[in-house]
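Descriptive structure summary
What follows is the residue order along each chain.
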Amino acid sequence: MRMAYRFRLYPSQEQRKKLEFTLERCRLLYNRLLEERILAYRLEGKSLNYYEQANTFSERKAHIPALKQVHSQVLQDVARRLDKAFQAFFRRVKSGETPGFPRFKPPQRYDSFTYPQDGYVITGNKLQLSKIGAVKIKLHRPIAGKVKTCTVTRKNGHYYACFSCESE
């Protein structure tokens, strides 16, 4: 059974800037990947998938040095997130519902990024995030089960860490 635990983060000013930087890079990457899918379909009639886009990340990092400052699995999760949006779109089209094509994200509509496997460690009252640092966290209850993912979310100017755990 999956359980989610959400805890408040208390980043320093420098860490807050790094969190904002990571959110912005993820948003820009999401929009760029969406644009590539649209152009590939319009120009070639070809539909791109997650693997075709994720395989370009090493080349993207060579041309865009800012992407090197974001954990690689966070970038992969951005591509996975877009792929899920397209799968949901095609499922709705197939079932005859109102489809809702995936949208470009403005800054106020992209509020989270996910570490799917690693890149995060909880030690005491600190959450060590890769490429960001040790952020103070308020652990107000124990985490039961094995942590699978860590999602950092911005809501109303505050930051939260949501841990998805596998338990029996």
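See the structure printed just above.
What counts and what doesn't
- For every chain, the first residue of the written sequence is number 1, and numbering continues from 1 along that sequence.
- Thresholds applied to this predicted model are a pLDDT of at least 70 for local features of residues and 80 or more for the giving and counting of side-chain atom pairs; totals over whole chains, interfaces and linings are not thresholded and use all residues.
- Water and hydrogen atoms play no part in the side-chain values, which are based on all heavy atoms of the structure.
- Only DSSP runs of H or I with at least four residues qualify as helices, and only runs of E with at least two residues qualify as strands; both kinds are numbered from the N terminus onward.
- What makes two residues a contact is simply this: any of their non-hydrogen atoms within 4.5 Å.
- Note on areas: these come from Shrake-Rupley sampling with a 1.4 Å probe, and a residue is covered only by the protein chains present in the view.
- For this analysis, a ring pair means two rings from Phe, Tyr or Trp (six-membered ring only for Trp) whose centres lie within 6.5 Å, classed as stacked if their planes differ by under 30 degrees, edge-to-face if by over 60, and tilted for the remaining angles.
- In this scheme, a residue with accessible area under 20% of its type's maximum is buried, one over 50% is exposed, and one in between is partly exposed, where area comes from a 1.4 Å probe on protein chains only.

Turning to the overall build of the protein chain, a few remarks are in order. Along the backbone of the protein chain there are four helices and seven strands. For the protein chain, the spread of C-alpha atoms along the three principal axes comes to 55 × 40 × 30 Å. Contacts in the protein chain between residues far apart in sequence, at least 24 positions, make up 66% of those at least 6 positions apart. Here the protein chain displays about 10,100 Å² of accessible surface, and carbon together with sulfur accounts for 52% of that area.

This part covers the packing of aromatic side chains. Enumeration according to the criterion identifies 10 aromatic pairs in this entry. A centroid spacing of 5.1 Å and a plane angle of 85° characterise the contact between F89 and F101, whose relative ring orientation is edge-to-face. Taken together, the residues F89 in helix α4 (residues 72-95) and F101 in the loop between α4 and β2 (112-115) connect sequence positions 12 residues apart. Overall, the relative accessible area of 12% leaves F89 in the buried class. Residue F101 is classed as partly exposed on the basis of its relative accessible area, which comes to 40%. An angle of 65° between the planes, with centres 5.9 Å apart, marks the rings of F113 and Y115 as edge-to-face.

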